[in-house]
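Below, each chain spelled out in residue letters.
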Protein chains: 2
Amino acid sequence: MIKNEAYYAVIFTSKHSEQIDGYLEMSNLMETLAKKQKGFMGFESARNDIGITVSYWKTLEDIKNWKQNADHLKAQEKGKKDWYCWYHVRICKVEREYEYVIS
Amino acid sequence: MIKNEAYYAVIFTSKHSEQIDGYLEMSNLMETLAKKQKGFMGFESARNDIGITVSYWKTLEDIKNWKQNADHLKAQEKGKKDWYCWYHVRICKVEREYEYVIS
């Protein structure tokens, strides 16, 4: 996914609290919904001590719309209440990129 | 780590090959060296199916200098030869950010 046009990355880093009942279901639902959002380009995610999810979007407006999506707002509220000790969100403009794939 | 001044994130996503002998030692060494580089602000890392490491830097020049560091060049070469099926590097400008810490 290397693009010629400018695009944006949202870096979401987080640490879970001990109580994560319902988290996985909500996470899967958010993935399904995000994929239907205008401007969504993809995401990558990994977790061990901390979790890092990076989602990619065409415009800042698309990111704002997803943040304000009604179901997503509920998930954010639940996340703050129950699932996360902390999280940090960074909205970034991808300036350049390169990749390596084994030949 | 929320900063008033502009800064940059390098998103490094990767998938390991089956052979990762020596990877952990090199990874630890690179962490030690990166922390000594001018402009280094911090990093976050997680891995399960894929690995995501995000490092933060004051300027694009700092990122370039780290990429060209002699020891780091050796690590990149070894990484391509042995440890990674693929990797993807995105250099990003952090446009804005917010965080949540449990009260």
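Refer to the preceding data block for the structure.
Residues numbered from 1 in each chain as written. Chains lettered and ligands numbered in written order. Predicted model: local features only at pLDDT ≥ 70, side-chain atom pairs only at ≥ 80, totals over all residues.

Chemist: Just checking my understanding: could you explain the relation of the copies chain A and chain B for this structure?
Modeler: Each of the two chain copies can be brought onto the other by rotation about an axis and movement along it. When chain A is brought onto chain B, the operation consists of a screw motion whose angular component is 180 degrees and whose axial shift is 0.0 Å, with 0.0 Å RMSD remaining. The superposition operator between the copies reduces to a two-fold rotation axis. An overlap of 100% is found between the interface residues of chain A and their copies at the interface of chain B, pointing to a shared contact surface. (Least-squares fit on C-alpha atoms with pLDDT ≥ 70 in both. Contact = placed C-beta atoms within 7 Å.)

Chemist: I would appreciate a short explanation of the sheet that holds strand β1 (residues 8-16) of chain B in the present structure.
Modeler: The strands making up a sheet are joined through hydrogen bonds of the backbone, oriented either antiparallel or parallel. Strand order in the open sheet formed by 8 strands is β2(A)-β3(A)-β1(A)-β4(A)-β4(B)-β1(B)-β3(B)-β2(B), with antiparallel pairing between adjacent strands. Each edge of the open sheet carries a strand with a single partner, namely β2 (40-47) of chain A together with β2 (40-47) of chain B. Going across the sheet, the axis of each strand differs from the next one's by a mean of 25 degrees, ignoring polarity. Relative to strand β3 (residues 51-57) of chain B, β2 of chain B runs antiparallel, the two being bridged by 7 bridges. Looking across to β3 of chain B, one finds that F40 of chain B is bridged to W57 of chain B. On top of the sheet, helix α2 (residues 60-67) of chain A reaches β1 (8-16), β3 (51-57) and β4 (84-101) of chain A; it is set at about 35 degrees to β1 of chain A, its chief contact. (Pairing = 2+ DSSP bridges. Helix = DSSP H or I, 4+ residues; strand = E, 2+ residues; numbered from the N terminus. Axes fitted to C-alpha atoms, helices over the stretch in contact; angles between N-to-C directions.)

Chemist: Would you mind showing me how to read the interface of chain A and chain B here?
Modeler: Think of interface size as the accessible area that goes away when the parts come together; that is how it is often given. Taken together, the contacts link 31 residues of chain A with 31 residues of chain B. Elements that contribute at least two residues to the side of chain A that touches chain B include exactly β1, β2, β3 and β4 of chain A. It is β4 of chain A that contributes the most residues to the side of chain A that touches chain B, 18 residues altogether. When grouped by side-chain class, the residues that make up the side of chain A that touches chain B number 18 nonpolar, 4 polar and 9 charged. Pairing between β4 of chain A and strand β4 (residues 84-101) of chain B: 15 bridges, direction antiparallel. Bridge pairing links V101 of chain A to W86 of chain B in β4 of chain B. (Nonpolar A, V, L, I, M, F, W, Y, C, P; charged D, E, K, R; others polar.)

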